[in-house]
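Listed below, chain by chain, are the residues.
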Amino acid sequence: MQCYEILVQFFSCLLAFGGALYFYRQTSVQTPYGRYVDLFKRPVMVLAKLAWLSQELPSFLVPFLLWYKADGQLSIVKTVLLMMFCAHYFQRYGHSIVVKCLLQ
């Protein structure tokens, strides 16, 4: 597996720069959240499940793509650990479905 150091450094700098810009914006603009949001003034909301998916998807995709791109060069221990980490997300999702079915 090949590491693209230039690409990693670029995206790391981009992330740091974006974080600094967002921090600056948050110091000058009051952003309400939770029960303090006025639904009539801020009608654009993100669905909780969509927000969770966009937040957690990289945590699943990165290990999966690492395993996929390794072309069989990973040891069995590394493969099992990566697959257990990926299965963790399916287990959480399946658990929430079972709980919803039981509560209905």
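Description of the structure in this document. Note on numbering: residues in each chain are counted from 1, in written sequence order. With the structure being a predicted model, the display of local features is reserved for residues of pLDDT at least 70 and the display and counting of side-chain atom pairs for 80 or more, all residues being used for whole-chain, interface and lining totals. To obtain the side-chain values, all non-hydrogen atoms of the structure were used and water was disregarded.

**Here's the deal with the packing of aromatic side chains**
Here's step 1: The criterion for an aromatic pair is that two Phe, Tyr or Trp rings (for Trp, the six-membered ring) have centres within 6.5 Å, with stacked assigned to planes under 30 degrees apart, edge-to-face to planes over 60 apart and tilted to the rest. Under the criterion given, the structure shown has two aromatic pairs.
Here's step 2: When the centroid spacing of 5.3 Å and the interplanar angle of 65 degrees are considered together, the rings of Phe10 and Phe11 count as edge-to-face.
Here's step 3: Under the relative-accessibility criterion, Phe11 is labelled partly exposed at 46%.
Here's step 4: Measuring from centroid to centroid gives 6.5 Å for Phe64 and Tyr68, while their planes differ by 15 degrees, and the two rings are stacked. Of the two residues, Phe64 and Tyr68 are both situated in helix α2 (residues 48–69); the distance of four residues between them amounts to about one turn of the helix. Any residue under 20% of the maximum accessible area for its type is buried, any over 50% is exposed, and the rest in between are partly exposed; the area is computed with a 1.4 Å probe on protein chains only. Secondary structure elements are taken from DSSP: a helix is a run of H or I of four residues or more, a strand is a run of E of two residues or more, and numbering for both begins at the N terminus.

**Quick look at the side chain of Thr79**
Here's step 1: Tracing the backbone shows Thr79 in helix α3 (residues 76–103).
Here's step 2: On the basis of relative accessibility, which here comes to 19%, the residue Thr79 falls in the buried class.
Here's step 3: Among the polar contacts listed, one links the side chain of Thr79 to the backbone oxygen of Ser75, at a separation of 3.0 Å. Two N or O atoms count as a polar contact when they lie within 3.5 Å, although within protein this holds only if one can serve as hydrogen donor and the other as acceptor, and sequence-adjacent residues are included solely when both atoms are side-chain atoms.

**Looking at a nonpolar patch on the surface**
Here's step 1: Only residues whose relative accessible area exceeds 30% and that take part in no salt bridge are eligible for patches, with like-charged residues grouped when within 9 Å of each other and nonpolar side chains (Val, Leu, Ile, Met, Phe, Trp, Tyr) grouped when within 5 Å. Calculation of accessible area relied on Shrake-Rupley with a 1.4 Å probe; when residues are assessed, cover is drawn exclusively from the protein chains displayed. Basic side-chain nitrogens of Lys or Arg form a salt bridge, by our definition, when they fall within 4 Å of a carboxyl oxygen of Asp or Glu. Residues Val46, Leu47, Leu50, Trp52, Leu53, Leu57, Leu61, Phe64, Leu65, Trp67 and Tyr68 make up a contiguous nonpolar surface patch of roughly 1000 Å² in combined accessible area.
Here's step 2: Tracing the chain through its elements places Leu65 in helix α2.

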